[in-house]
Structure formats: C-alpha cells, structure tokens
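Below are the chains, spelled out letter by letter.
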Amino acid sequence: MRQNLISLASGTLFGAGLAISGMIDPARVRAFLDVTGAWDPTLAFVMAGAILPMAIAWFVVRRRPTPIAAEQFHTPATSPIDRRLIGGAALFGIGWGIVGLCPGPAIAGLAIQPLPALVFIAAMALGVAVHRFAFTSRRSA
Amino acid sequence: MLGFPHAMPLEGFIGGLMIGVAAAIMLLGNGRIAGVSGMFARVLGLSAGGPPWAIALLFTAGLPLGAGIVAASLGVKASFPTSLSLIAVAGLIVGIGTRLGSGCTSGHGVCGLSRLSPRSIAATVTFMATGVVTVTIMRLSGVIL
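Throughout what follows, the structure given in this document is the object of discussion.

**Remarks on the overall build of chain A**
When helices and strands are tallied, chain A shows 7 helices and 0 strands. Seen in sequence order, chain A has helices and strands lined up from the N terminus as α-α-α-α-α-α-α. Every one of the 141 residues in chain A was classed for burial, and the buried ones make up 53%. Expressed as a percentage of contacts within chain A between residues at least 6 apart in sequence, the contacts between residues at least 24 apart total 41%.

**Quick look at unusual backbone geometry**
All names here are of chain B. Even without being glycine, Ser102 reaches a positive phi, approximately 60°. Turning to its location among the elements, Ser102 is positioned in the loop between α4 (84–100) and α5 (105–112). Even without being glycine, Leu116 reaches a positive phi, approximately 55°.

**Thoughts on helix α3 (residues 53–73) of chain B**
Over its 21 residues, α3 of chain B extends 30 Å from the first C-alpha to the last, a length consistent with the 30 Å expected when each residue adds 1.5 Å. Turning to α3 of chain B, its buried residues are Ile55, Ala56, Phe59, Thr60, Gly62, Leu63, Pro64, Gly66, Ala67 and Val70 of chain B. Of the surrounding secondary structure, the elements contacted by the buried residues of α3 of chain B are α1 (2–20) and α5 (103–108) of chain A together with α1 (9–30) and α2 (36–43) of chain B. Residue Gly75 of chain B follows α3 of chain B closely and has a positive phi angle near 85°.

**Overview of the interface of chain A and chain B**
Taken residue by residue, the interface counts 108 residues in chain A and 102 residues in chain B. Buried area between chain A and chain B, summed over both chains or domains, comes out near 9,500 Å², and the portion from carbon and sulfur atoms is 79%. Here chain A is connected to chain B by 3 salt bridges. A salt bridge links Asp25 of chain A to Lys77 of chain B, with the shortest nitrogen-to-oxygen separation between them at 2.9 Å. Our enumeration of links across chain A and chain B arrives at 20 residue pairs in polar contact (both at pLDDT 80 or more). Residue assignment for the side of chain A that touches chain B shows that the elements contributing at least two residues are α1, α2 (26–33), α3 (42–61), α4 (83–99), α5 and α6 (114–135) of chain A. The element best represented in the side of chain A that touches chain B is α6 of chain A, accounting for 18 residues. Across the side of chain A that touches chain B, the residue classes break down as 73 nonpolar, 27 polar and 8 charged.

**Examining the side chain of Thr134 of chain B**
Looking at where Thr134 of chain B falls in the secondary structure, it is placed in helix α6 (residues 118–140). When neighbours within four sequence positions are excluded, Thr134 of chain B is seen to be in contact with Gly93, Ile94, Gly97 and Ile98 of chain A.

Rules used in this analysis
- Residues numbered from 1 in each chain as written.
- Chains lettered and ligands numbered in written order.
- Predicted model: local features only at pLDDT ≥ 70, side-chain atom pairs only at ≥ 80, totals over all residues.
- Heavy atoms only, no water.
- Helix = DSSP H or I, 4+ residues; strand = E, 2+ residues; numbered from the N terminus.
- Buried < 20%, exposed > 50% of the residue type's maximum accessible area, 1.4 Å probe, protein only.
- Contact = heavy atoms within 4.5 Å.
- Expected span 1.5 Å × (residues − 1).
- Buried area = accessible area lost by both parts, 1.4 Å probe.
- Salt bridge = Lys/Arg side-chain N within 4 Å of Asp/Glu carboxyl O.
- Polar contact = N/O pair within 3.5 Å; in protein donor to acceptor, adjacent residues only side chain to side chain.
- Nonpolar A, V, L, I, M, F, W, Y, C, P; charged D, E, K, R; others polar.

The analysis is restricted to geometry; functional conclusions fall outside its scope.
Right, dumping it as structure tokens:
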C-alpha cells in the first residue's frame, strides 16, 4: 500500500514538473535540439534542476541499507558500454528529434492533447513489442 | 532571457526540481529508478524484470494526472505536430530505441547522469547528438520551417 502511494505521488509530481517546466510542449523540446534554428535552452535548465535532488538522493542511497518502503534498492548494474546501448540511444534520439516527444512528456501529454499523445503512445507500445520479440529472442533463449 | 525570447529558465528549473524530487521519492521510497520507458514497458508486461506491476502502473498513471492538475490550475501551452503519421513513426522508433538502449531522458538523462553512470552519460550524449542531427536535417530539408 505504501509502495503504491509512493508510486502515484512520484508519477504525479513528475507529470506536474513536466508541465510546469514546459517540457510537455514538443515544440519547446525540439527547439532545444534545433541548434541551427530558434534554439531554446530551457531543457538544459530542467536537466540541471532535476539532477540536483537526484544527486542528493544517490548520496543518501550510498548511506542507507534499504529504501523506506521496500526491502532493497534495485539500481541498474554497471555493465559496460556496448553497441546495444549506443545503437538504442542513437535510435531513440532520432525518434525524439522527429516530433520532440520522449516517453514522459508523451504519456503526461494525454491530459493536454489526448489524440496525438495516444497515437505516439500506441506506436511506442508497438516499438516496445517489436524490441521484445525481435531483439531479445537470442538473449532470452 | 537575453537572446532567447522564448526560453523559460526559471519555470524550467523549478519544474526540473519537481521532476528530480519525484525521481528521488521513487528511489528512496521504493528503491526503483523513475525511468518512464522502463515503467511503460512494465505496464505493458513487455519487460524482463522491473518493478511490481502496480508500482509501474501508478507511476505511469500519475504522469497525466500531475500534468492535468497543472493544466487546470495554471494553464499549459503545448503544440504537438499536426502530422499523426509522423508522430506514429517517431513513437515506433522511440519505443524500439529506448528498450534497446535501456532508458530514455528520465532514466539515463536524470537518474543516470546524477549518479555519474558512464553508461547513462554515453547514452545521453548519443541521443542528444542524434536528436540534434535529426532536427537539423529536417530543418535543412524544409520539413521544419
């Protein structure tokens, strides 16, 4: 129950932050990537603001044996940088640039512009499924 | 802001702080990374591992809830592209890319960079670079005017 409340609070605050920061506006996000056009540096300020509390959180994690409402921290293993990571990130950046949408703002955008947000989310779900069944078959076999 | 008439540095920083605190609540409360692409895949039942389904679902559902509250109380400006086919193509690429690369702007950009994770730094530099190249190509070829 406590875990569920924490999750809802985290997601709601996250979505509110996306809306207040202007990151829910795909045109503004794309303008950050538009260095030869009307460049908009707002995203850099958002990143700075978001990294600050998280840097403190990581500091606390190193000094706490367990999270507040769970048995253990599930932090990603420090595996090496491989072609899968770079290729996936490169692909993600291309999709991000095309319309200025990444997963967070797209899902939060359901409350603002439901139709285009839903189209993006449905296509993204298809992409997740394509990855699941086409790219991970060798690894999971 | 000087030279950048549309920039919102203050709103951006405040909204960014909220995003960072939200991710910190998830990490310190549930011991989980607030990565939206990973949570989304978990909601769909298409991720190997990941948090309990209820955690992923409630976090994901909170995103439009929080954005909706802000939109209703303060108002929000958002101009989505008009071409739904272009949006669909981008969504498909983002879906494949974020899974292959194990994260997006939130997981790598916020949670990973703040941890100084070499993988997340490499991923963030890469997706920012290909994002800039993509937008620049679209601008030079007249897709964006």
